[in-house]
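# Structural overview
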Amino acid sequence: MALQDSPLRRGDRLAFGAPGLPPRWTHSNKEGIGTAYSADSRLWFTLWRGSVSEVYGPTIDLPQVRDLGFLITDGETFFHEEKRHLEHTITRPYLHALGYRVESRDPAGRYHLEKRILGDPHLPVLLTQLRLFVHDPKLRAKIRVFALAAPHLMGGGSDNSGIVLNVLDRPVLAAEKPGAGLTLGTPRGWRTASVGYVGASDGWTDLASNYRLDWEFDRAPHGNIALVGELPLVPGEPITIGLALAQSVSAAITALYQSLGTGFAQHEQRFVEQWDRTVARAVPLASASHDEGRLCRSSRSVLLAHEDKTFPGAFIASLSIPWGAWKGDDDRGGYHLVWTRDMVQTSSALLASGHAEGALRALVYLATRQHPDGGFPQNFWLSGRPYWTGVQLDEVAFPLLLAHRLAQDHQLGEFDPIPMVRRAARFLIHEGPVTPQERWEELSGFSPSTLAATIAALTAAADLLRGARDASSADLAQRYADFLECHLDGWTVTDRGTAVPGRRRHYVRIRPARPGDPCPNEGPDMGWVTLPNLAPSTPNRFPAESIIDPGFLELVRYGIRRPDDPTIEASVEAADALLKVETPFGPTWRRYNHDGYGDRGDGGPYQGWGVGRAWPLLTGERGHYELARGRDPSPYLATLERMATRTGLLPEQVWDQPDRPELHMFLGEPTEGAMPLCWAHAEYLKLLRSVSDGRVFDRIASVEARYAGSDRRPAPLEIWKFNRQPATVGALTPLRIMADQPFALHWSDSDWSRVNDTEAVSTPLGLHYVDLPPLGRPDRRYRFTFRWSAVDRWEGRDFTVRSV
């Protein structure tokens, strides 16, 4: 019988009060993340301020518990909550395993707690071994320690039901929602136990009021609840606390007692052995580091830990919610979702460090989540259900780059990526060149970083399609990449820059354009951008020429532009003048000028507006550029290593202003944004591999050879599509007319005095085209219309393109 449906019995003690205060997530910055590595242990956890911050399971996208910590009292004079009142030291005592040792000390020196925290190697059970050491003899007989847990089953703090069960004549704490159950217990049960509503009748409220647990409620149905149990501790002796997750309380009880039936030391041995096996075929990268390989080992394990086990190959962006202390149940996503871009960064870094199996699992997962039209959602739950519904062309491009790299390394096994490649290539050609969102997920238009990924991806797709003996699709993909490349500077380079004195020519963050606009602005005046996330009443409209973003470095990463290209070098200088931040750990960069996604100017949390801070991953991107330029990338590696926390985590953003000790904000140290950020760890690992190899890991040989390897560039090409209808074409440039249905082109280059009818070339991509020869001199024009072959219908209007 479900707990929430079970009838009250005589003697039951029901918690009183309202169903609880509005639920809030815990802090976004994690001091540790952990999981066992086996596929059958579907549990993840995070740490903050010495206590367990969240527990996830049986999938990695939904947290089930917010806060599992300890309360300490002598029953008379003090009440301590571990994460608020004690001083902590957190260490990861293993080379590879994501388990932790935490020492929490009473500031007055009267006692301290020692914990070892890890996941059961084979069951969804979080295990904590706790020891209490009492240094004040007067406290020895009085001190009491309680475990406190706040269930957030199915990712929500509301409508949880709690109960105290009797199992084997010992009390066990439990919570339930339809489809999810949780149990919390020890091998010796609890001395006392209670369930209650947060802020009204829970154990924290009770103990804080008079230092004693007076309330012992058996049930707290349908609310925001907390579970509390007094530990049967003997000072100096260890006790194990288990928290089990399952689809029902009955299954969670079984998992809990199976896990507690094995000694903690045996669990720990197996846990470490599992993680150590993950490096059996690792590429030796530690010698290129400046910290004896500590961040290298940590980064690899952090990335592996972000893979789900119900959906193998699904890597989420982060086990965190940025500014999570200020979020409620209405913001369920956070960063524990799949972003294709972040996921390919993660899997490419695993490939760089020798874990090809994880990268292949990621590719297979992405291929099975691809939409029929070839696209991917902006981000999505593990099942593939979209969370945000934007479209970003680089997120369609990245899986092609991953497939190409796996094919180059002969790591595809029996998996055939060609169906995915065809669909993704078609999407990029059909929907581009304007991206509805660029990599910062804010603006539509012509973006240097998105175009870099697209050009590289279509060239990679052409390589793969040629290998699959699909020459016509390969040629179509490659020539479309050529079309993008020959327009790249015209779309994204300004000669009218105003952001940096003396720097008129540089790449811009984005040339704004509306998706689907058949006649976007492609002239020298780039127009205006409206930036989001800025404080109310702050100007948010700026000339596009005045906004700079270091994303143009992706053109060098993939081999589209030489690192000594004059426009690249000028843009590097402009970005440094505008975005570079010097910290005690080394240099880092902001995303772009006037960025509003970050902690507010007064240090308060981002809540729809703020000030964009510096991103460590951009330090990694700069390191790749410096390596490509033939300069020393070591300072950038060292900066990332110094910016990592003691437990080896890299944040999304670091504070970029003078220290604010009263806010716990220090120059170069994490803000309240996400931590860890897998993209940052991936960038570090790839930079480490690049330094070790002496070349940029993400560089694609065929891209470099075609666009940056010689003075012979591909012939220019202009493309006309219904979503991009250029009014002009170079007099010596051929014009390709493209559509997504079979057609015959009725056309003339002599104002209809001579008429031609040309059947379109059809390709397996489902795209069709006609190539028109160059007009030869300025001020001539093509006139054309379409006869749609499948329905034998005329388009009913003429189109014109003039030569210049």
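Above: the structure in question.
The structure reproduced in this document is the subject of the present report. (Residues numbered from 1 in each chain as written. Predicted model: local features only at pLDDT ≥ 70, side-chain atom pairs only at ≥ 80, totals over all residues. Heavy atoms only, no water.)

## Structural notes on the overall build of the protein
When you go through the protein residue by residue, the secondary structure sums to 17 helices and 36 strands. On C-alpha atoms alone, the protein measures out to a radius of gyration of 29 Å, which is about the 28 Å that the 2.2 N^0.38 rule sets for 804 residues. Expressed along its principal axes, the backbone C-alpha trace of the protein runs to roughly 105 × 55 × 55 Å. Each of the 804 residues in the protein was classed as buried or not, and the buried ones make up 62%. (Helix = DSSP H or I, 4+ residues; strand = E, 2+ residues; numbered from the N terminus. Rg over C-alpha atoms; globule rule 2.2 N^0.38 Å. Buried < 20%, exposed > 50% of the residue type's maximum accessible area, 1.4 Å probe, protein only.)

## Focus on the nonpolar core
In terms of nonpolar packing, the biggest core is built from 213 residues, with L126, L130, L231, L243 and L458 touching the most fellow members. The greatest single-element share of this core, amounting to twelve residues, is contributed by helix α10 (residues 448-467). In contact with L126, not counting residues within four places along its chain, are L43, F45, V52, V55, L68, I117, L118, I241, G242 and L243. Ranked by size, the runner-up nonpolar core spans 18 residues in total, among them F743, L745, A760 and V801. (Core = buried A, V, L, I, M, F, W, Y, C linked by side-chain atoms within 4.5 Å. Contact = heavy atoms within 4.5 Å.)

## Remarks on the sheet that holds strand β25 (residues 586-590)
If you trace the three strands from one edge of the open sheet to the other, you get β24-β25-β26, paired in antiparallel fashion. Looking at strand neighbours, the two that pair on one side only are β24 (580-583) and β26 (614-615), the edges of this open sheet. Bridging between β24 and β25 involves four bridges; their strand directions are antiparallel. By the bridge assignment for β25, K580 is matched with W589. Across the sheet, helix α14 (residues 616-628) lies against β25 and β26, angled at about 110° from β25, the strand it touches most. (Pairing = 2+ DSSP bridges. Axes fitted to C-alpha atoms, helices over the stretch in contact; angles between N-to-C directions.)

## What to know about the packing of helix α6 (residues 340-352) against helix α16 (residues 678-693)
Helix packing for two helices is described by the angle between their axes and how far apart those axes are. Across the interface, α6 lies against α16 with an axial gap of 8 Å and an inter-helix angle of 35°. By crossing handedness, the relation of α6 to α16 is classed as left-handed. Seen from α6, the contacting residues are R341, D342, Q345, T346, S348, A349, L351 and A352; seen from α16, they are C678, W679, A682, E683, L685, K686 and R689. (Left-handed = near helix turned anticlockwise from the far one by under 90°.)

## Details of the pairing of strand β1 (residues 32-35)
Residues in a regular strand project their side chains so that they alternate between the two faces of the sheet. On β1, burial covers both faces: G32 and G34 on one face and I33 and T35 on the other are all buried. Alignment of β1 against strand β2 (residues 44-48), held across four bridges, turns out to be antiparallel. Counterpart to I33 in the pairing with β2 is T46.

## Brief notes about the pairing of β25
Of all five residues making up β25, four are buried, and the element is well covered by its neighbours. Counted along the chain from β24 to the antiparallel partner β25, the turn is two residues long. As defined by bridge partners, β25 adjoins β26 across two bridges and the pair is classed as antiparallel. Along β26, the bridge assignment pairs W589 with W615.

Any link to function would need more than the numbers given here.
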